[in-house]
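As a plain string of letters, each chain reads:
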Amino acid sequence: MTSAVSIRGLTKDFAVGIRGLKLRAVDDLSIEIPRGQVYGLLGPNGCGKSTTLKIVLGLVKPTSGSTSILGDDAASAEARRRTGFLPEAPYFHRFLSGRELVGYCARLSGVREDDIRASVDRALELASMTAAADRPVGTYSKGMLQRIGLAQAVVHDPELIILDEPTAGVDPVGSAAIGRMISAMRSEGRTVVLCSHLLGQVEQVCDRVAIMDRGRLVLEGSVEEVLARRDRHLLEVRGLTPAAEAAAREALERNGALLGEVSHPRRSLEELFRELVTGSKDA
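Just so you know, these numbers come straight off a predicted model, no measurement behind them. (Residues numbered from 1 in each chain as written. Predicted model: local features only at pLDDT ≥ 70, side-chain atom pairs only at ≥ 80, totals over all residues. Heavy atoms only, no water.)

**Q** Any chance you could explain empty space enclosed by the protein here in plain terms?
**A** If a probe as big as a water molecule is rolled over the atoms, it shows which places are left empty. Here the structure, examined in full by the defined rule, presents one cavity of 30 Å³ or more. Roughly 60 Å³ of internal volume is contained in the largest cavity. Every residue lining the largest cavity is listed: V5, I7, I31, I33, Y39, L41, T52, L53, V56 and V193. Among the elements of the structure, β1 (5–16), β2 (21–33), β3 (38–42) and α1 (49–56) are those that each provide at least two residues to the lining of the largest cavity. At three residues, the largest contribution of residues to the lining of the largest cavity is made by α1. Within the lining of the largest cavity, the residues separate by chemical class into nine nonpolar, one polar and no charged. (1 Å grid on protein atoms, 1.4 Å probe; cavity = no way out; pocket = protein on both sides within 12 Å on 5 of 7 lines; lining within 4 Å. Points joined across faces, edges and corners; volume = space filled by probe spheres on them. Helix = DSSP H or I, 4+ residues; strand = E, 2+ residues; numbered from the N terminus. Nonpolar A, V, L, I, M, F, W, Y, C, P; charged D, E, K, R; others polar.)

Below is the structure:
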């Protein structure tokens, strides 16, 4: 099956100053994002993840490498039609109501006029914004602005949704609500790419994660895989006697204790992030 997003050998250099010096924002990055999953793209500020997203969205041209969305070139009109996007700091016209805003975005995204009302209602319901849909956007709280942003991102029924810091500045209640919306989108078969500094939430909602540092990929895999401590083991013992507790592993069976399970303990995603990312180890 074609990946939702395919990034191959992606490199992006920016010219800095009048002397033409190069700043490498993304360095030979390759990632395959499966369909139907929530994928976390993580890293410190300046690591290259926002540049990567802009290239995937066709907003910035790469220096080298390629990106595709659902099998189509990322810069193509077909790829854009199948993608929804919520930027980190969206700006919406304050005089529009939430319903008018989402309807406007539906028209921009090519939703047929006969389908707009139903599409808007469905998007507002997913974002839990139906009750406030007829209020001016200028009266919304930060959490409500992010939720109406989610509604506009999904109103055209995209297969891929890219969310850049969707919970930035949102209180814990609003953040939890956005987490539930992301899970609901996955249950509908959509692919969600999530950039967030809220590592606890990423750990809860994501199926896979990639961690970037200084433009490079430093780790990628399923949440269970990357958080398991492979250098350590937990032993679950049944019928443990004082003698067995004091004995070494080889003596457990001899002392009547049954070895029930050997597994790997998990670290938190925040602990893993601090281990891998430059500058965070001593923070």
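From this point on, the discussion continues.
**Q** Help me understand the packing of aromatic side chains in this model?
**A** To describe a pair of aromatic rings, one takes the distance between the centres and the angle between the planes. Overall, the coordinates contain zero aromatic pairs when judged by the stated rule. Here K12 stacks its cationic end above the ring of F14, 5.0 Å away from the centre of that ring. (Phe/Tyr/Trp six-rings, centres within 6.5 Å; stacked < 30°, edge-to-face > 60°. Lys NZ or Arg CZ within 6 Å of the ring centre and 35° of its normal.)

**Q** What's the story with unusual backbone geometry in this structure? I'm lost.
**A** The general pattern is negative phi for most residues beyond glycine and trans for most peptide bonds. If you check the backbone angles, L70 has positive phi at about 55° while not being a glycine. Inspection of the secondary structure puts L70 in the loop between β4 (64–69) and β5 (72–73). Phi at R214 takes a positive value of approximately 55°, unusual for a residue other than glycine. Along the polypeptide, R214 turns up in the loop between β9 (208–213) and β10 (216–222).

**Q** Where do I start with the pattern of salt bridges in this structure?
**A** Under the criterion given, the structure shown has 17 salt bridges. Taking the shortest distance from any N to any O, the salt bridge between D27 and R24 comes out at 3.7 Å. Its salt-bridge partner being R186, residue D207 comes within 3.1 Å of it at the nearest N-O pair. A residue pair is termed long-range when its members are at least 10 positions apart, and D207 in the loop between α7 (199–205) and β9 and R186 in helix α6 (residues 172–187) qualify at 21 residues. The class for D207 is partly exposed, based on a relative accessible area of 27%. (Salt bridge = Lys/Arg side-chain N within 4 Å of Asp/Glu carboxyl O. Buried < 20%, exposed > 50% of the residue type's maximum accessible area, 1.4 Å probe, protein only.)

**Q** I would appreciate a short explanation of helix α3 (residues 98–108) in the present structure.
**A** Because each turn of an α-helix spans 3.6 residues, side chains separated by three or four positions in sequence point in the same direction. Three or more residues of α3 are buried, namely G98, L101, V102, G103, C105 and A106. Tucked inside the fold, the buried residues of α3 contact α4 (116–126) and α5 (142–154). G110 lies just past α3 and shows a positive phi near 90°. (Contact = heavy atoms within 4.5 Å.)

**Q** Even after reading the chapter, I still don't get the packing of α3 against α5, so can you show me in this structure?
**A** How two helices pack is summed up by the angle between their axes together with the distance between the axes. Where α3 meets α5, the axes come as close as 8 Å, and the angle between the chain directions of the two elements is 30°. Classed by the angle they form, the pair α3 and α5 counts as roughly parallel. α5 is crossed by α3, and the crossing has right-handed handedness. Between α3 and α5, the contacting residues are G98, L101, V102 and C105 on the first element and I148, A151 and Q152 on the second. Broken down by class, the residue content of the contact of α3 with α5 amounts to five nonpolar, two polar and no charged. (Axes fitted to C-alpha atoms, helices over the stretch in contact; angles between N-to-C directions. Parallel < 35°, antiparallel > 145°, perpendicular 65-115°, else oblique. Left-handed = near helix turned anticlockwise from the far one by under 90°.)

**Q** Explain the nonpolar core to me, please; I cannot follow it from the model alone.
**A** General note: in soluble globular proteins, nonpolar side chains tend to be found buried as a group. If you look at the biggest cluster of nonpolar residues, it comprises 50 residues, and the most contacted ones within it are I148, L163 and M185. Aside from chain neighbours lying at most four places away, what touches I148 is F92, G98, L101, V102, L124, M129 and Y140. (Core = buried A, V, L, I, M, F, W, Y, C linked by side-chain atoms within 4.5 Å.)

**Q** Which parts of the structure should I look at to understand the sheet that holds β9?
**A** Taken in spatial order, the six strands make up an open sheet running β6-β7-β8-β3-β9-β10, and their pairing is mixed. If you trace the sheet from one side to the other, it starts and ends with β6 (83–86) and β10, each paired once. When the angles between neighbouring strand axes are averaged without regard to direction, this sheet yields 15°. Relative to β10, β9 runs antiparallel, the two being bridged by six bridges. Its bridge partner lying in β10, M212 is registered against L217. (Pairing = 2+ DSSP bridges.)

**Q** Is there a simple way to think about a nonpolar patch on the surface in this case?
**A** Together, F14, V16, L21 and L23 make up an exposed nonpolar region whose accessible area comes to about 350 Å². Where the nonpolar patch is concerned, the elements lending two or more residues are β1 and β2. With respect to the element layout, V16 can be found in strand β1. (Patch = residues over 30% accessible without salt bridge, like charges linked within 9 Å, V, L, I, M, F, W, Y side chains within 5 Å. Areas by Shrake-Rupley, 256 points an atom, 1.4 Å probe, with all protein chains shown as cover.)

**Q** Would you explain the layout of surface pockets in this entry?
**A** Of the pockets and cavities examined, the largest pocket occupies roughly 470 Å³. Lining the largest pocket are 19 residues, and of these T83, G84, F85, S109 and Q152 sit closest to its centre. Secondary-structure elements contributing two or more residues to the lining of the largest pocket are β6, α3 and α5. Looking at the lining of the largest pocket residue by residue, the classes come out as 13 nonpolar, five polar and one charged. Considering only enclosed or pocket space, the second largest pocket measures out at about 200 Å³ in volume. Lining the second largest pocket are 17 residues, and of these N45, G46, C47, G48 and K49 lie nearest its centre. Those elements giving two or more residues to the lining of the second largest pocket turn out to be β2 and α1. Looking at the lining of the second largest pocket residue by residue, the class counts come to four nonpolar, seven polar and six charged.

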